[in-house]
Amino acid sequence: MAEEIEVPHSFPAAGDVEGKRVVITGASRGLGRLLAHAFSDAGALVALVARSAEDVTSAAGGLPGPTLSLSGDVTDADFNEAVADATVSAWGGVDVWICNAGVSPIVAGPVHTDPTVWRHVIDVNLTGAFLGARAAARVMRGGGRLIFTGSVLGERPRKGLSAYSASKAGLVGMAKSLALDLAASGVTVNVVAPGWFDSPLAEMWKNDPGLSASVLGHTAQQRWGAPTDLAGAYQFLASDASAFVTGAVLSVDGGYLLV
Ligand SMILES: NC(=O)c1ccc[n+]([C@@H]2O[C@H](COP(=O)([O-])OP(=O)(O)OC[C@H]3O[C@@H](n4cnc5c(N)ncnc54)[C@H](OP(=O)(O)O)[C@@H]3O)[C@@H](O)[C@H]2O)c1
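Everything in this summary refers to the structure shown in the same document. All values reported here derive from a predicted model rather than from experimental measurement.

## A short note on the sheet that holds strand S7 (residues 249–252)
Across the sheet, which stays open at both edges, the seven strands sit in the order S3-S2-S1-S4-S5-S6-S7 with parallel pairing between neighbours. The open sheet terminates on both sides in strands that have one partner only, identified here as strand S3 (67–71) and S7. On average, each strand axis in the sheet is tilted by 20° relative to the strand beside it, whichever way the strands run. Relative to S3, strand S2 (residues 45–50) runs parallel, the two sharing five bridges. Paired with Ala 47 across the strands is Leu 68, a residue of S3.

## What to know about the nonpolar core
In terms of nonpolar packing, the biggest core is built from 33 residues, with Val 23, Val 49, Val 83, Trp 97, Leu 146, Phe 148 and Val 189 touching the most fellow members. Counting residues per element, the ones that place at least two in this core are S2, S3, helix H3 (77–91), strand S4 (96–99), helix H4 (115–139), strand S5 (144–149), helix H5 (162–182) and strand S6 (187–194). Those residues in contact with Val 189 that sit more than four places away from it in its chain are Leu 146, Phe 148, Ala 175, Leu 178, Ala 179, Leu 182, Thr 246, Gly 247 and Ala 248. Counting residues in each nonpolar core, the second largest holds 29 residues, with Ala 27, Leu 48, Leu 63 and Phe 197 among its members.

## Some points on the pattern of salt bridges
Inspection of every chain in the model, using the stated rule, returns seven salt bridges. Arg 134 is the salt-bridge partner of Glu 81, the closest N and O atoms lying 3.3 Å from each other. One end of the pair, Glu 81, is in helix H3; the other, Arg 134, is in helix H4, with 53 residues separating them in the sequence. Judged by relative accessible area, Arg 134 falls into the partly exposed class, the value being 46%. For Lys 206, the salt bridge identified is with Asp 198, shortest N-O distance 3.3 Å. Take Lys 206: its relative accessible area is 32%, and that puts it in the partly exposed class. Among the ionic contacts, a cluster of salt bridges with common partners joins Glu 81, Asp 85, Arg 134 and Arg 138.

## So, the site of the ligand
Residues in contact with the ligand amount to 26 residues; listed here are only the nearest, Ser 28, Leu 31, Arg 51, Asn 100 and Tyr 164. Within the backbone of Gly 26, an N or O atom sits 3.4 Å from an oxygen atom of the ligand. With respect to the ligand, the side chain of Asp 73 contributes an N or O atom lying 2.9 Å from a nitrogen atom. With respect to the pocket detection grid, the ligand is positioned in the largest pocket. Those elements that place two or more of their residues in the shell around the ligand are helix H1 (30–41) and H5.

## What to know about the layout of surface pockets
Where empty space is left can be seen by rolling a probe of water-molecule size over the atoms. In this structure, the largest pocket occupies an estimated 1,100 Å³ of space. In terms of lining residues, the largest pocket is bounded by 41 residues, among which Gly 102, Val 103, Ser 104, Tyr 164 and Leu 201 are the most central. Looking at the lining of the largest pocket, the elements that each hand over two or more residues are H1, S2, H4, H5 and helix H6 (203–206). No other element matches H1, which puts three residues into the lining of the largest pocket. Per-class residue counts for the lining of the largest pocket are 19 nonpolar, 14 polar and eight charged.

## Some words on the packing of aromatic side chains
One pass over the structure, following the stated rule, counts three aromatic pairs. Each ring, one from Trp 196 and one from Trp 205, has its centre 5.1 Å from the other, and the planes form 85°; the classification is edge-to-face. Looking at Trp 196, the relative accessible area reads 9%, which means it is buried. Assessed through its relative accessible area of 22%, Trp 205 is described here as partly exposed.

## Remarks on empty space enclosed by the protein
Following the criterion strictly, the structure yields one cavity of 30 Å³ or more and no others. There is about 60 Å³ of room inside the largest cavity. Considering the residues around the largest cavity, the lining is formed by Thr 25, Val 74, Cys 99, Asn 100, Ala 101, Val 124, Asn 125, Gly 128, Ala 129, Thr 149 and Leu 171. Take the lining of the largest cavity: its biggest share by element is four residues, from H4. Across the lining of the largest cavity, the residue classes tally to six nonpolar, five polar and no charged.

## Let's talk about H4
With 25 residues, H4 should reach 36 Å at 1.5 Å per residue; the first-to-last C-alpha distance of 35 Å fits that figure. Buried residues of H4: Val 121, Ile 122, Val 124, Asn 125, Gly 128, Ala 129, Leu 131, Gly 132, Ala 133, Ala 135, Ala 136 and Val 139, and no others. Next to the buried residues of H4 lie H3, S4, S5 and H5. Sitting at the amino-terminal end of H4 is Asp 114, which places a side-chain oxygen 2.8 Å from the backbone nitrogen of Thr 116.

About the criteria used
- Residues numbered from 1 in each chain as written.
- Predicted model: local features only at pLDDT ≥ 70, side-chain atom pairs only at ≥ 80, totals over all residues.
- Heavy atoms only, no water.
- Pairing = 2+ DSSP bridges.
- Helix = DSSP H or I, 4+ residues; strand = E, 2+ residues; numbered from the N terminus.
- Axes fitted to C-alpha atoms, helices over the stretch in contact; angles between N-to-C directions.
- Core = buried A, V, L, I, M, F, W, Y, C linked by side-chain atoms within 4.5 Å.
- Buried < 20%, exposed > 50% of the residue type's maximum accessible area, 1.4 Å probe, protein only.
- Contact = heavy atoms within 4.5 Å.
- Salt bridge = Lys/Arg side-chain N within 4 Å of Asp/Glu carboxyl O.
- Near = heavy atom within 4 Å.
- Polar contact = N/O pair within 3.5 Å; in protein donor to acceptor, adjacent residues only side chain to side chain.
- 1 Å grid on protein atoms, 1.4 Å probe; cavity = no way out; pocket = protein on both sides within 12 Å on 5 of 7 lines; lining within 4 Å.
- Sits in = over half its atoms within 2 Å of the grid points.
- Points joined across faces, edges and corners; volume = space filled by probe spheres on them.
- Nonpolar A, V, L, I, M, F, W, Y, C, P; charged D, E, K, R; others polar.
- Phe/Tyr/Trp six-rings, centres within 6.5 Å; stacked < 30°, edge-to-face > 60°.
- Expected span 1.5 Å × (residues − 1).

Put into structure tokens, the structure is as follows:
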């Protein structure tokens, strides 16, 4: 008879992030701010990052747990290193780094896309995430979690978003490659790809009847994502329960990519 697997005394709780030291970029508003609330509510220590010092401090002020407010630009390599150093100096280390800052200008087509706009989108969404990953990898000791905010638009593009789609598709390739680079050090690297979320920032799309119909028509669950729908995926990937998950893309989109 085959030998039975030894059953462990306990299993890590999926999504338990209590006591984790978490950096979240783009945390001053939108989805990043929601993530900051969810992690703080769950007992994590949260370092919030965005360019506007005022917005970052105001967002941090609404959280129940310990916070750091760090303002600067994720496209600046030195700033990312300073975020890592500030978090280590305040809390002794970094367990989770969520590269979430992003921009998404809509441009009519290639002829109308000023090269500076193209470069800016790639710079913030892709290079900014790489620079965050680089800073995180330097200070993560004995393992860690890198999570990139991708997008379903990296896999299913829409008109006018070529730079954005390229940046989000690029994050997937980068995450897989970094997952290989960092596997031996116990750092996992994954992407969460949100679909369409019902939030103030999505109001413009929601109020456009054509776009709204197209979103619902392509979403298997025929609804927009609610503010409570997103954080669980990040918390799973940030928790001890996901130690064997690396180089993965977790879509949180109500089935947008299926239809
Ligand atoms: N909203 C959606 O439905 C959706 C769907 C799929 C994916 N996403 C992705 O989710 C992420 C967050 O998007 P969101 O919708 O929450 O956008 P948002 O409301 O515009 O927030 C963007 C955040 O990023 C910060 N940021 C922008 N450029 C930055 C830079 N160069 N350096 C540092 N921080 C910067 C902003 O603060 P400052 O301006 O003060 O810097 C802000 O905190 C993005 O990566 C986006 O592509 C969003």
